[in-house]
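Notes for the structure review
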Amino acid sequence: MAATQKNSPTNIEVKLRSRHLLGTEGLSANEIQSIFAAAGQYKKMFSAETRKLSVLQGVTVSTMFFENSTRTRTSFELAARRLGADVVSFVAATSSISKGESVDDTARTIAAMGIDIAVVRHNCAGVPLRLTNVIDAAIINAGDGVHEHPTQALLDAFTIQERLGKVKGLNVCIVGDIANSRVARSNIYSLQTLGARVTVCGPRTLLPKEFEKVYNVGVEYDLREAMRNADVVIMLRIQLERQASGMFPTLEEYRKFYGLNRSNLPDNVKLVLHPGPANRGVEISGEVMDSEICAVTQQVTNGVYIRMAVLTALAKKNKNG
Ligand code: CP
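Now for a look at the structure at hand. From a predicted model like this one, the values you see are computed outputs, not experimental measurements. (Residues numbered from 1 in each chain as written. Predicted model: local features only at pLDDT ≥ 70, side-chain atom pairs only at ≥ 80, totals over all residues. Heavy atoms only, no water.)

Considering the overall build of the protein chain
The criterion, for reference: Comment: elements are numbered from the N terminus, with helices defined as DSSP H or I runs of at least four residues and strands as E runs of at least two. We compute the radius of gyration from the C-alpha atoms alone; for a globule the expected value is 2.2 Å times N to the 0.38, where N is the number of residues. Each residue gets one of three labels from its accessible area relative to the maximum for its type: buried under 20%, exposed over 50%, partly exposed in between, using a 1.4 Å probe on protein chains only. The protein chains shown are the only cover counted for residues, whose accessible areas, like all others here, come from Shrake-Rupley with a 1.4 Å probe. Only four residue types enter the charge count: Lys and Arg as positive, Asp and Glu as negative, with His and the chain ends excluded. One atom stands in for each charge, and that atom is NZ of Lys, CZ of Arg, CG of Asp or CD of Glu.
If you tally the helices and strands in the protein chain, you get 12 helices and 9 strands. In terms of overall size, the protein chain behaves like a compact globule, its C-alpha atoms giving a radius of gyration of 20 Å where 321 residues would be expected to give roughly 20 Å. For the protein chain, the spread of C-alpha atoms along the three principal axes comes to 50 × 45 × 40 Å. With 321 residues in all, the protein chain has 54% of them scored as buried. About 14100 Å² of surface is accessible on the protein chain, with carbon and sulfur atoms providing 49% of the total. In the protein chain, 38 positive and 31 negative side-chain charges are present, and the distance between their average locations comes to 4 Å.

Below, the structure is given as structure tokens:
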């Protein structure tokens, strides 16, 4: 493996108005396209011989994960390291949270060691926003409760643009536990900003009709009908605790009505996405997940470049005030 190291900073520019990234709500199309342009440049560089840059040399990034993660934390840490940042990793399960320390005090403690950017995940909506008033570091929301997961939506839209050449004018169908999905919310905002039409689909217990008015999306309870004109389908993980709370009778019943498989996938669908982690054989069959139409691996790869672009934007923004 070629392990060329490039130490000169790049002139990659990413334009964000805020010094934090708390959601895709309110991001302009120009801001999103600026992130995509930078991610595309980084992807090109790292697909060639580059293995490391010094864009974030002297910057310290802390990943503060109060909730489990495989993809997002690893992806942010890899992105930060590829850009030459120092990375401090905090995982709640092995921390003094278990001794009763509060989220605010935990964040203050890590910030006091000198960090510039905090990547925060918590199962309560609003924690990243709250921490903007607790510590000085720039905050990136890595998923807060049912609220938002902005970098997931950005990497999803980037993958759509990469595979289909555009987002504008596409019909995108999001299927699953819409009411409890931060991925669905962040995707609705960013996809609409980029000019896509969004339809959401799921059982009535997990998809209130009000979504139509509140989010200006199509609401469908029948999967085949929802996918009838779709160019892209985003399948969401069914959260197993919803069955225990009586939101649907059995996983088999959920699979029957809302599971995507070869036989119900219509020809008009050109791309299937899944943010992961997936329940194979429940919301998506293994056959579809492993097929060329499904971009789940490409999403994960692109996630690193999108996060490199976001870290670059916030590091520069905060350095320049
Ligand atoms: N998509 C996503 O957020 O995955 P993780 O929970 O593994 O980070």
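Let us keep going from here.
Considering the site of the ligand
For the record, the criterion: Any residue with a heavy atom lying within 4 Å of a molecule or strand is counted as near it. In this count, Pro and Cys sit with the nonpolar residues alongside Ala, Val, Leu, Ile, Met, Phe, Trp and Tyr, while Asp, Glu, Lys and Arg are called charged and the others, Gly among them, polar. The split into domains, and so the bounds of each, comes from an automatic or database assignment of domains.
Taken together, S69, T70, R71, T72, R121, H149, Q152, P275 and G276 form the complete shell of residues around the ligand. Considered on its own, the ligand offers 250 Å² of accessible surface; in the complex 91% of this is hidden by protein. When the residues that make up the shell around the ligand are grouped by side-chain class, the tally is 1 nonpolar, 6 polar and 2 charged. Built from parts of two domains, the shell around the ligand gets at least three residues from each of domain 1 (29-149 + 302-319) and domain 2 (151-299).

Regarding the pattern of salt bridges
Note the following rule: We count a salt bridge whenever a side-chain nitrogen from Lys or Arg sits within 4 Å of a carboxyl oxygen from Asp or Glu.
Applying the stated rule across the entire model yields 11 salt bridges. Its salt-bridge partner being R73, residue E77 comes within 3.3 Å of it at the nearest N-O pair. Note that E77 and R73 are positioned in helix α2 (residues 71-82) at a spacing of 4 residues, about one turn of the helix. The residue D231 makes a salt bridge to K270 at a minimum N-O spacing of 2.5 Å.

Considerations on the sheet that holds strand β8 (residues 232-235)
We count it as follows: In this analysis, strands are considered paired if DSSP registers two or more bridges between them. Only C-alpha atoms enter the line fits that serve as axes; for helices the fit covers just the stretch in contact. Angles between N-to-C directions range over 0 to 180 degrees.
Strand order in the open sheet formed by 5 strands is β7-β6-β5-β8-β9, with parallel pairing between adjacent strands. Strands with a single pairing partner mark the edges of an open sheet, and in this sheet they are β7 (218-220) and β9 (271-273). With direction set aside, neighbouring strand axes in the sheet form an average angle of 20°. For strand β5 (residues 171-175) and β8, the ladder comprises 4 bridges, and the chain directions are parallel. Bridged to V175 within β8 is M235.

Things to note about α2
For an α-helix, the turn length of 3.6 residues means that residues three or four places apart are oriented alike. The cut-off we apply is this: What a helix should span is 1.5 Å times the count of its residues minus one. When checking whether two residues touch, look at their non-hydrogen atoms; a contact exists if any pair is within 4.5 Å.
Here α2 is 12 residues long and its end C-alpha atoms lie 16 Å apart, about the 16 Å a rise of 1.5 Å per residue gives. T72, S75, F76, E77, A79 and A80 are the residues of α2 that are buried. Along its buried surface, α2 packs onto β1 (60-65), β2 (86-91), β3 (117-122), β4 (138-144), α5 (150-164) and α12 (296-319). With its phi angle positive at about 90°, G84 sits one or two positions after the end of α2.

Notes on the packing of α5 against helix α6 (residues 182-193)
Condition: An angle below 35 degrees is treated as roughly parallel, one above 145 as roughly antiparallel, one from 65 to 115 as roughly perpendicular, and anything else as oblique. Crossing handedness is defined as follows: a turn of the near helix away from the far one that is anticlockwise and smaller than a right angle gives a left-handed crossing, while the clockwise case is right-handed.
For the pair α5 and α6, the least separation of the axes is 8 Å and the interaxial angle reads 50°. Between α5 and α6, the crossing angle belongs to the class labelled oblique. When you trace α5 past α6, the crossing you get is right-handed. Contact residues: α5 offers P150, Q152, A153, D156, A157 and I160, while α6 offers V183, S186, N187, S190 and L191. Each residue belonging to the contact of α5 with α6 can be placed in one class, and the counts come to 6 nonpolar, 4 polar and 1 charged.

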